[in-house]
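# Tertiary structure, described
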Amino acid sequence: MSDVIVRPVPAAEMDEASRIVGLAFAVNPSNLAVAGGNQDKAARIMEQAARTVKLGHRFSYVLGAERQGELAGVLKAAEWPHCQMTIGEKIKAAPSQVRTLGFAMGRALKLIGGRAKHEPRKAHWHIGPIAVHPEQQGYGVGSALLTSFLAEVDQQGAPAFLQADVDRNVVLYERFGFKVVSQEKILGINTSFMWRDAR
């Protein structure tokens, strides 16, 4: 982890950051469920979502992890209540989402709706996505991003929330003080919703 440098992601790197999100989430079980099992489509869906509604959102706080001189990972967070899109933002994003999702739109809406109802209705930082380029996984990039961001959250005395649909990620987040507060099977994928109290 000592060779990983965490820093804000400037606007000039948002395309690369979005590409990393797409690559990292191409094999994510929920994204594969939305994409009908097609990894290429899952990557395109996540890259487009990252560009338009995740990293590109005006309230997004985006950190990048650099390793060996290259952007290796990305963490996006937003403070409640700005972690969920407004009706106006959803309408504005709809055309690009429809073009990208096509017939997967219904599954995507079911996933988004299922997750949104678990969003705490109180002050917190919502973390996600946390994405590490597949070729950079296993080098502490995700841990470096979480360590850096949670240090900032702790300075604010704020709680944090995230969701995980991969068991090894649940274990990682538990090491950082998150606890599973609810679970739901969405699109056949067990999703854990995790909370970390203010420190």
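Coordinates for the structure precede this section.
Figured I'd write up the structure that's included with this text.

Further remarks concern helix H6 (residues 141-156). Between its first and last C-alpha, H6 extends 23 Å over 16 residues, near the 22 Å set by a 1.5 Å rise per residue. Within H6 the residues assigned to the buried category are Val-141, Gly-142, Ser-143, Ala-144, Leu-145, Leu-146, Phe-149, Leu-150 and Val-153. Looking one or two places after H6, you find Gly-157, whose phi comes out positive at around 65°.

What the seven strands build is an open sheet, ordered S1-S2-S3-S4-S5-S7-S6; its pairing is mixed. Strand pairing shows two members of the sheet lacking a second neighbour, strand S1 (4-8) and strand S6 (179-186), which therefore form its edges. Averaged over all pairs of adjacent strands, the angle between their axes in this sheet comes to 25°, without regard to strand direction. Sheet analysis places strand S5 (residues 160-164) next to strand S7 (residues 189-196), joined by five bridges and oriented antiparallel. The partner of Phe-161 across the bridge, within S7, is Trp-195. Sheet contacts for H6: S1, strand S2 (61-67), strand S3 (70-79), strand S4 (125-132), S5 and S7; angle to S2, the most-contacted strand, approximately 140°. Contacting S4, S5, S6 and S7, helix H7 (residues 167-175) crosses the sheet at an angle of about 160° to S5.

Another aspect to go through is H7. All of the buried residues along H7 are Val-170, Leu-172 and Tyr-173. On an axial view of H7, the arc spanned by its buried residues comes to 160°, and they lie on one face. Seen from the open side of H7, the exposed residues pointing more than 90 degrees away from its buried face are Asp-167, Arg-168 and Arg-175. On its buried face, H7 sits against S4, H6, S5, S6 and S7. Count one or two residues on from H7 and you reach Gly-177, which has phi positive near 95°.

Here is what the cut-offs are and how they apply
- Residue positions are counted from 1 within each chain, in the order its sequence is given.
- Only residues with pLDDT of at least 70 are given local features in this predicted model, and only at 80 or more are side-chain atom pairs given and counted; all residues enter the totals for whole chains, interfaces and linings.
- Water and hydrogen atoms play no part in the side-chain values, which are based on all heavy atoms of the structure.
- Each helix is a run of DSSP H or I of at least 4 residues and each strand a run of E of at least 2, with the numbering of both proceeding from the N terminus.
- Given a helix with a known number of residues, its expected span is that number minus one, times 1.5 Å.
- Think of it in three bands: with a 1.4 Å probe and only protein chains considered, a residue is buried below 20% of the maximum accessible area for its type, exposed above 50%, and partly exposed in between.
- Being paired, for any two strands, means DSSP has found at least two bridges between them.
- A fitted line through C-alpha atoms serves as each axis, taken over the contacting stretch for helices, and the angle formed by two N-to-C directions is quoted from 0 to 180°.
- Here, residues are in contact when the closest pair of their heavy atoms is within 4.5 Å.
- In this context, the arc is that of the directions from the helix axis out to the C-beta atoms.

Honestly, it's all geometry; don't read function into it.
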